Amino acid sequence: MKCPFCRHDDTQVIDTRVLEEGSAIRRRRRCSQCDRRFTTYERVELSLPTVVKRNGSRSEYDQGKLRGSLMLALRKRAVSADAVEAAVARIEEALMTSGLREVPSERVGELVMQELKKLDKIAYIRFASVYKSFEDVDEFTDVVREIQGPPLPGAKS
């Protein structure tokens, strides 16, 4: 680390402390050339990938847009705001830990569908009908069957 006063390359760490519940590290440093002291902070820089849309255009990840999509699918459903926020957090974590700089919008849609499937089956079907652009009733029926799982033995189909 260069000294901010004399620009010398050799500085020594004389004290290190963890701050903000572990999200930052504060270091006191001393320059070996001019003997002046200064403080540096280290923080993790997290960035979400750019979303690549179906038409090839790129846009910054927008948490508001993600939350809006979830809320629209969950409209008039008995799902708590905390559950929605937890779903948003899980989707963002999956995007950040992917290590990708760009992610196709289809991947974001798949993550949303996974979360909706856990939160509310009706919301999942609503989202899937728009996301997958259902053309006829058969596609809709297929998703409903997927949600219901395999038929029970002896049940009528």
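Going by the structure above, here's the rest.
In this text, all values refer to a predicted model and were calculated from it rather than measured experimentally.

**Q** Please explain the sheet that holds strand β1 (residues 11-19) as it appears in this structure.
**A** Backbone-to-backbone hydrogen bonds pair the strands of a sheet. The strands run either parallel or antiparallel. Pairing within the open sheet is antiparallel, and its 3 strands lie in the order β1-β2-β3. Looking at which strands have only one partner, the edges of the open sheet turn out to be β1 and β3 (37-43). The sheet shows a mean angle of 25° between the axes of neighbouring strands, taken without regard to direction. As judged from the 7 bridges shared by strand β2 (residues 24-31) and β3, these two strands associate in the antiparallel manner. Within β3, the residue paired with A24 across the bridge is R43.

**Q** Help me understand the pattern of salt bridges, please; the structure alone is not making it clear to me.
**A** Should their charged atoms come close, side chains of opposite charge can pair. One pass over the structure, following the stated rule, counts 10 salt bridges. Two residues, E102 and R58, come together in a salt bridge whose shortest N-O distance is 2.7 Å. Of the two residues, E102 sits in strand β6 (residues 102-104) while R58 sits in strand β5 (residues 58-59), which places them 44 residues apart along the sequence. Classification of E102 by relative accessible area gives partly exposed; the value is 37%. Overall, the relative accessible area of 49% leaves R58 in the partly exposed class. E115 serves as the salt-bridge partner of R90, at 2.7 Å between the closest nitrogen and oxygen.

Calculation criteria
Residues numbered from 1 in each chain as written. Predicted model: local features only at pLDDT ≥ 70, side-chain atom pairs only at ≥ 80, totals over all residues. Heavy atoms only, no water. Pairing = 2+ DSSP bridges. Helix = DSSP H or I, 4+ residues; strand = E, 2+ residues; numbered from the N terminus. Axes fitted to C-alpha atoms, helices over the stretch in contact; angles between N-to-C directions. Salt bridge = Lys/Arg side-chain N within 4 Å of Asp/Glu carboxyl O. Buried < 20%, exposed > 50% of the residue type's maximum accessible area, 1.4 Å probe, protein only.

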